[in-house]
Amino acid sequence: MTEDAMAAALAARNKDAQILGVFDTTTESAAAIGSCRLGEAVQFVANASILGYDVHAAIVSYGEPGSPSLRVRDCEQLWAKYGEALFRQG
């Protein structure tokens, strides 16, 4: 991810997001994850493997239709760079 793309995602951290393509390895089925804030979605995808989820096919979509979506690597980069700042309101 470019620095500009990461900064834009940080600025959008409070927008509604959807997480798709997550597989629960415990139940061996697709995980049903509801809507959440983008910052929470990034944190979940970046750390999901620790919780028993397979996210290799995960996509986080947010914002208006046509907005960029985030893949696992993007979420990992965002979480590593911004961490708790993704949860700040404002």
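Report follows, based on the coordinates. From a predicted model like this one, the values you see are computed outputs, not experimental measurements. (Residues numbered from 1 in each chain as written. Predicted model: local features only at pLDDT ≥ 70, side-chain atom pairs only at ≥ 80, totals over all residues. Heavy atoms only, no water.)

Focus: the sheet that holds strand β3 (residues 29–30)
Ordered in space as β3-β2-β5, the three strands form an open sheet in which the pairing is antiparallel. Among the strands making up the open sheet, the edge pair consists of β3 and β5 (53–54). Strand direction decides the pairing type here: strand β2 (residues 23–24) and β3, joined by two bridges, are antiparallel. Residue pairing for β3: Phe23 is matched across the bridge by Ala30. (Pairing = 2+ DSSP bridges. Helix = DSSP H or I, 4+ residues; strand = E, 2+ residues; numbered from the N terminus.)

Side note on the nonpolar core
In this structure, Ile19, Leu38, Val45, Val60 and Leu70 are the most contacted members of the largest nonpolar core, which totals 26 residues. With six residues, the top contributor of residues to this core is helix α2 (residues 38–47). Contacts of Leu38, omitting those with residues within four sequence positions, involve Ala9, Ala12, Arg13, Lys15, Ala17, Val60, Tyr62 and Leu70. (Core = buried A, V, L, I, M, F, W, Y, C linked by side-chain atoms within 4.5 Å. Buried < 20%, exposed > 50% of the residue type's maximum accessible area, 1.4 Å probe, protein only. Contact = heavy atoms within 4.5 Å.)

Some points on the sheet that holds strand β4 (residues 36–37)
Within a beta sheet, neighbouring strands are joined by backbone hydrogen bonds and run either parallel or antiparallel to one another. If you trace the three strands from one edge of the open sheet to the other, you get β4-β1-β6, paired in antiparallel fashion. Looking at which strands have only one partner, the edges of the open sheet turn out to be β4 and β6 (59–62). Sheet topology note: the strand β1 (residues 16–20)/β4 ladder contains two bridges and is antiparallel. Following the sheet pairing, Asp16 is matched in β4 by Arg37.

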